[in-house]
Amino acid sequence: MDHFLYRDGALFAEDVPVAEIAKAVGTPFYVYSTATLLRHYRLFDEALEGVDHTVCYAMKAASNQAILRTLAQAGAGMDVVSGGEYLRAKAAGVPGDRIVFSGVGKTADEIRLALEGGVRQFNVESEPEMEVLSAVATELGQTAPITVRINPDVDARTHAKIATGKSENKFGIPISRAREVYAHAARLPGLEVVGIDVHIGSQLTELEPFEQAYTKVAELTEILRGDGHDIRRLDLGGGLGIPYVRDNLAPPLPLDYGAMVKRVLGHLGCEIEIEPGRLIAGNAGLLVSEVIYVKSGEGRDFLILDAAMNDLIRPAMYEAWHDIVPVTEPDPGEVRAVYDIVGPVCETGDTFARARAMPPVAAGDLVAFRSAGAYGAVMSSEYNSRPLIPEVLVKGDQFAVIRRRPTFDEMINRDTIPEWL
Ligand SMILES: *Cc1c(COP(=O)(O)O)cnc(C)c1O
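This is a predicted model, so every value here is computed, not measured. (Residues numbered from 1 in each chain as written. Predicted model: local features only at pLDDT ≥ 70, side-chain atom pairs only at ≥ 80, totals over all residues. Heavy atoms only, no water.)

Details of the sheet that holds strand 2 (residues 10-13)
Thought 1: Strand order across the open sheet formed by 3 strands is 1-2-3, with antiparallel pairing between neighbours. Looking at strand neighbours, the two that pair on one side only are strand 1 (4-7) and strand 3 (16-17), the edges of this open sheet.
Thought 2: As paired strands, strand 2 and strand 3 are joined by 2 bridges and run antiparallel to one another. Pairing of Ala13 across the sheet is with Val16, part of strand 3. (Pairing = 2+ DSSP bridges. Helix = DSSP H or I, 4+ residues; strand = E, 2+ residues; numbered from the N terminus.)

Pasting the structure below:
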């Protein structure tokens, strides 16, 4: 569910006409809905009611500070995967003790940054990392709270590029080695084991893979407690999928997910942490673009937009589907046109959709990509020297630019030409 609906023949973002934002900021741009972000955060929060829990938004999904602050003010923590994300979360006002640090390749500098600024826990992904963390914490005279991310060898049944819980994936330590690795952690100075971490992938559309992984976590909790470790916090990762295609079977709801979590893990008396990203931000954002040309090809028509793969890479990278709808509401009876929908970038992969049936549009019309809030703006680049596009946040009848479009000069002047050239 989101807050991008047609009203009086025009697409609105909450109470603001999308066309009005386009007039103010130009196209293409991303627009996010505060109400949708908060709604999704609260669904998770409510789904875990009755157990001690924290929802740490996986900010890599959409990391603008205005989004982070919106969620943090509602009570969210953050899951960060780099020093840059850590600093961005802090800049947005998130206290260190609500920031969880994940990622397979944390450097000593990143670890130091988080120890100095405060951190809820590190989710450690390997023994070499554990040793570096121990050394840095000891040097700073600190004790770093840690979980170890275990790789449960579970098939998340999602796109191969976003599956993270199989033994061939780079993430975590094999669950079969968990006792050894926890024993190692307990021996190292400067570390305090607080729990277990798992994250098996993204855009999961069924609960079974989660349940398989969490069942293994429950068993491991008992085993590690038997070994003398104080396992009191379980970080269950993110990954719950969203309905990109409106007419397909909707993925399970946060409420069902929460019920499963309580059923599988509730008896352990642990604090539960979850790290949803996509489900919070995905349907809270649109990418809005203008049709530059409609070009007739052999046996097909191309809709050439001013947005491109550098602005939204998901279709090129994951064969992802996004609903693309006209900003002016089509007549219900209107005959559909069929387009290949593309951007101006010089790659055939710059294709958003092939043979897409949609209401006919013309040059100058606005279209909106739905469900573009997660892994959209954050994955954009300046490929083809196209400046990053603006981000806009709507709340009720107000909207604000939360990242402005850089000028061409700003983009170009970042290059420096050596003196000797
Ligand atoms: C990406 C990621 C998430 C968020 O995944 P979503 O599918 O966006 O919910 C959570 N935890 C970790 C460790 C991640 O890498």
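Examining helix 8 (residues 208-226)
Quick reminder: α-helices carry 3.6 residues per turn. Residues three or four places apart thus point the same way.
Thought 1: Its 19 residues give helix 8 an end-to-end C-alpha distance of 27 Å, which sits within 8% of 27 Å, the value for a rise of 1.5 Å per residue.
Thought 2: Along helix 8, the residues that are buried comprise Pro209, Phe210, Ala213, Tyr214, Val217, Ala218, Leu220, Thr221 and Leu224.
Thought 3: Each element contacted by the buried residues of helix 8 is listed here: strand 9 (144-151), helix 7 (178-187), strand 11 (191-197), strand 12 (233-235) and helix 9 (254-265).
Thought 4: Just downstream of helix 8, Gly228 is the residue with a positive phi angle, here 100°. (Expected span 1.5 Å × (residues − 1). Buried < 20%, exposed > 50% of the residue type's maximum accessible area, 1.4 Å probe, protein only. Contact = heavy atoms within 4.5 Å.)

Considerations on the pattern of salt bridges
Thought 1: In this structure the tally under the stated criterion is 23 salt bridges.
Thought 2: The partner of Glu273 in a salt bridge is Arg233, with the nearest N and O atoms 3.7 Å apart. Of the two residues, Glu273 sits in strand 13 (residues 271-274) while Arg233 sits in strand 12, which places them 40 residues apart along the sequence. Here Glu273 matches Arg233 in class, with each residue buried.
Thought 3: The network of salt bridges with shared partners includes Arg120, Arg233, Glu271 and Glu273. (Salt bridge = Lys/Arg side-chain N within 4 Å of Asp/Glu carboxyl O.)

Considering helix 1 (residues 18-25)
Thought 1: Looking at helix 1, one finds that the buried residues are Val18, Ile21, Ala22 and Val25. Buried residues of helix 1 fall within an arc of 105° about the axis and therefore sit on the same side. Turned more than 90 degrees away from the buried face of helix 1 sit Lys23 and Ala24, all of them exposed.
Thought 2: Within two residues after helix 1, Gly26 carries a phi angle of roughly 80°, on the positive side. (Arc of directions from axis to C-beta.)

Overview of the side chain of Arg370
Thought 1: One can find Arg370 in the loop between strand 19 (366-369) and strand 20 (391-395).
Thought 2: Within the local environment of Arg370, its side chain forms a polar contact with the backbone oxygen of Phe4, the two atoms lying 3.2 Å apart. (Polar contact = N/O pair within 3.5 Å; in protein donor to acceptor, adjacent residues only side chain to side chain.)

Section: the nonpolar core
One recurring pattern in soluble globular proteins: nonpolar side chains tend to sit buried together.
Thought 1: Residues Tyr57, Phe122, Tyr214, Tyr257 and Leu265 are the most contacted members of the largest nonpolar core, which totals 102 residues.
Thought 2: It is helix 8 that provides the largest number of residues to this core, a total of 7 residues.
Thought 3: For this core, the two domains that each supply at least three residues are domain 1 (4-31 + 282-412) and domain 2 (103-274).
Thought 4: With residues up to four places along the chain from it excluded, the contact list for Tyr214 reads Val198, Leu236, Tyr257, Met260, Val261, Val264 and Leu265. (Core = buried A, V, L, I, M, F, W, Y, C linked by side-chain atoms within 4.5 Å. Domains from an automatic or database assignment.)

Things to note about the site of the ligand
Thought 1: Around the ligand, the surrounding shell holds 15 residues, and the nearest of these are Lys60, Ser202, Glu275, Arg278 and Tyr375.
Thought 2: Here an oxygen atom of the ligand sits 2.7 Å away from a polar atom, N or O, in the main chain of Arg278.
Thought 3: In the complex, 93% of the free accessible area of the ligand, which totals 390 Å², lies under the protein chains.
Thought 4: Residue classes in the shell around the ligand are distributed as 3 nonpolar, 7 polar and 5 charged. (Near = heavy atom within 4 Å. Areas by Shrake-Rupley, 256 points an atom, 1.4 Å probe, with all protein chains shown as cover. Nonpolar A, V, L, I, M, F, W, Y, C, P; charged D, E, K, R; others polar.)

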